[in-house]
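Structural description and commentary
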Amino acid sequence: MGLAQAGALVVVLLAWQLAALGGHPDYLLPPLEIGKHFIAALGGAELYQNIAASLGRSIPGFVLGSFFGALLGLAAGTARWLDRMLSPAVFLTYPVPKIVMLPIFMVWFGIGDLSKVLIIALACFYPVFINAYYGVRQTRTILVWSALNMGASRGAIFRRVVLPSAAPMIFASLRVSLALSFIVMFAAEMINARSGLGHMIRVAENSLRFDLMYVSLLAIALLGYAGDRMVRLAHSRVLAWQPS
Amino acid sequence: MATFLNRALPFAFLGVVLVAWEAAARSGRWSKLLFPSLENIFRELGLFFTKTEMLSEVLVSLERALGGFALAAAAGILLGLLMGRSKLVAALLDPLFSGTYAVPKLALFPIFIFVFGIGSLSKVALVFLECLYPIVVMSYAGARGVPEKLLWSAQNMGASRAAILRRVVIPATAPFIFAGFRVAVPVAMIVVVITEMVASADGLGYQVIYAMSSLRTDRMLAVVVVIAALGYALDKMVVLLRDRLIYWEKLDTYYV
C-alpha cells in the first residue's frame, strides 16, 4: 500500500472515530470497536470456516470463468467463423445481470456449491472474453505482416505476436472479473447459503449482532483488496516489459 | 450463398440453443420445473405485460437503478473533473478511490438497510456507491489526459478559465465519461436486482425470487427475459446518446 493510501485511510478512520465520540447508533460502530471485534473473531474458528467456504466458491468460479473467457475470447478474436457465431450472443447478453440466473441454476445444479461456482464463473466469463477479443483485434497488423514475412507459422504468430499484444488487456479484465467474483459470491451467499461470509452477515443482521456484521464486512473488504493486489502483482510479473 | 451463411451465422448459435432447450422441454425426461417449454415462457411473458402491477414492478426497479445512476453521474463527473484539473484534490481523493476500488461495496448493504431503511433509499444509495467508482475513475483519467497543447492554445487566445473548462476540458473528457457510464449502467442493474433479491418486497429482483419460491420456473424465466431486455435497452441508450453527443470521435469498442 502506498504512503498516500495509508495516510488517507488514517485520516478517514480518525474522523470516523472522532465523529462517533459524541455517541453513535447501535448499527454504526466506530473503527476501534470494529478492530476489537475483528481481533476477537480471529481467535475463534467461525470466521475462518466462513472465509474458507466463501473462497471455496469464488476461486473455482473465477478460475473457470476467466479461463473459458480468455480461451473463447482469443479464439473468437482469431477465427472469423467463431467470431460471427459467438460474439453476437456474448455482446447481446453482456449487460444482463448474471445473478438473475442463480435461481434457475439452483434448480439445475442443486442448492449446494456447484450452482454458486457456476454463476460466479458465468459472471467472470464476460469481461475476460470481451477484453481478450479486443486484445486480439487490436494487434497491430504491421507486426503480423513482419512475422509472416520472416516465415513464422500461424501457431508461432499467435504465440509470439498476438498473445503478447492481447495479454495486457486480459490482465486488465482479470481485475474486473476478480472483483465481480467477490460480488456475485457475496450476493449468492446472502440469497441462499449455509456458510460463507455472505451467510454470516445475513445471520448477524437477523440476530442484530452488529459486531459480527462488521467482522464479516471487514473480512470481505480485506479479501477483495488482497485479491486485487495479487492480480496486479501477477500482471507486473508476467508482463514485466510493459508499464502497468 | 456465402453471404447468406455470413448473415445467418450470428443467429445460428442462438437458434441451436433455443431448439436444444425446446427439445429438452418436450422430451419429457425432465420436469417442467427444470425446462419449461418456450411456449409457457412466452405465455408468462405475455401475462407479464398485460398486468399493470407487473409493469409497476418494472418502474420500481428502473427508478432505483436510474436514480442511483443519475446521482453517481452528477457526483462522479464533478469529482473526476476536479481530480483531473487540481493536483490538490487528486492528492486527497485518489488514494481513497484507488484504495477501496477492489472492495465489494455490496457487503455494505446490510448496514445500509439499518441506516437508510429497507425501502428504496438503501438500494439507491448502494447503486450510487457502486456506480460512482467507474465514473470517477474514468472521468479522472480523461480530465487528467487533456492534451496540453489544446489548453495552451486556448489560454493563448485569451479564453477564460470557465471557457476553457466548457470548451476544452469537458469535450476532451466526454468520451471517457461515457466509457464510465457504459460500465456503470450494467452495474446499476446488477446492484438493483441483487438488492431486490436479498431484501425487498417489490421490484423485478423480488419477482424472480417470488416466482421461484412458488416453483414457477416459466414465470421466473419470463422475468429474467424482461430484466435482460431492460439491461440491453439501457446500454443501447447510453451508446445512442454517446454517438449523438460525441459525434467527432468514432467509438465502437467495448472494453472494461
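Calculation criteria
- Residues numbered from 1 in each chain as written.
- Chains lettered and ligands numbered in written order.
- Predicted model: local features only at pLDDT ≥ 70, side-chain atom pairs only at ≥ 80, totals over all residues.
- Helix = DSSP H or I, 4+ residues; strand = E, 2+ residues; numbered from the N terminus.
- Buried ≥ 20, exposed ≤ 12 C-beta atoms within 10 Å, placed from the backbone.
- Contact = placed C-beta atoms within 7 Å.
- Axes fitted to C-alpha atoms, helices over the stretch in contact; angles between N-to-C directions.
- Parallel < 35°, antiparallel > 145°, perpendicular 65-115°, else oblique.
- Left-handed = near helix turned anticlockwise from the far one by under 90°.
- Nonpolar A, V, L, I, M, F, W, Y, C, P; charged D, E, K, R; others polar.
- Expected span 1.5 Å × (residues − 1).
- pLDDT = per-residue confidence, 0-100.

A separate point is the overall build of chain A. Looking only at helices and strands, one finds 10 helices and 0 strands in chain A. Starting at the N terminus and ending at the C terminus, chain A contains elements arranged as α-α-α-α-α-α-α-α-α-α. Seen through its C-alpha atoms, chain A measures out along the principal axes to roughly 75 × 50 × 30 Å. Residues classed as buried in chain A amount to 39% of the 244 residues present. In chain A, the share of contacts with a sequence separation of at least 24, taken over all contacts with a separation of at least 6, comes to 71%.

Residues and elements named next belong to chain A. The geometry of helix α9 (residues 197–206) relative to helix α10 (residues 210–238) is characterised by a closest axis approach of 8 Å and an angle of 160° between their N-to-C directions. Between α9 and α10, the interaxial angle falls into the category roughly antiparallel. When the axes of α9 and α10 are compared, the crossing they make is left-handed. On α10, the residues touching L197, M200, I201, A204 and E205 of α9 are L212, M213, S216, L217, A219 and I220. Within the contact of α9 with α10, the residues separate by chemical class into 9 nonpolar, 1 polar and 1 charged.

Topologically, B:M197 is positioned in helix α8 (residues 161–198). Separated by 33 residues in sequence, B:M197 and B:L230 have C-alpha atoms that sit 17 Å apart. Every residue in contact with B:M197, bar those within four places of it in the chain, is listed here: A:I191, B:G205, B:Y206, B:V208 and B:I209.

All names here are of chain A. Position of A40 among the secondary structure elements: in helix α2 (residues 31–43). Under the C-beta neighbour-count criterion, A40 is labelled exposed, with 12 such atoms within 10 Å. As a C-alpha pair, A40 and S87 span 47 residues in sequence and 50 Å in three-dimensional space.

Turning our eyes to something else, we now look at the interface of chain B and chain A. Each side of the interface is counted separately: chain B has 48 residues, and chain A has 50 residues. Counting only elements with at least two residues in the side of chain B that touches chain A, the list comes to α1 (2–26), α4 (87–100), α5 (109–116), α8, α9 (204–213) and α10 (217–245) of chain B. Per element, the largest residue contribution to the side of chain B that touches chain A is 10 residues, and it comes from α10(B).

Right, let's talk about α10(A) for a bit. For α10(A), built from 29 residues, the straight-helix expectation of 42 Å at 1.5 Å per residue is met to within 8% by its first-to-last C-alpha distance of 42 Å. Buried within α10(A) we find A:F210, A:M213, A:Y214, A:V215, A:S216, A:L217, A:A219, A:I220, A:L223, A:G224 and A:G227. Packing partners of the buried residues in α10(A) comprise α2, α3 (46–78), α8 (154–191) and α9 of chain A together with α5 of chain B.

A few words on the confidence of the model for chain B. Residue and element names in this part refer to chain B. Within chain B, residue pLDDT values average 88, and 95% of them lie at 70 or more. The element-level mean pLDDT for chain B is lowest in α1, coming to 79, with helix α3 (residues 52–85) highest at 94. With a pTM of 0.87, the predicted complex shows an ipTM of 0.82.

Summary statistics for chain A give a mean pLDDT of 88 and a share of 98% for residues scoring 70 or more. Across chain A, the element-wise mean pLDDT spans from 84 in helix α1 (residues 3–19) of chain A up to 94 in α3(A).

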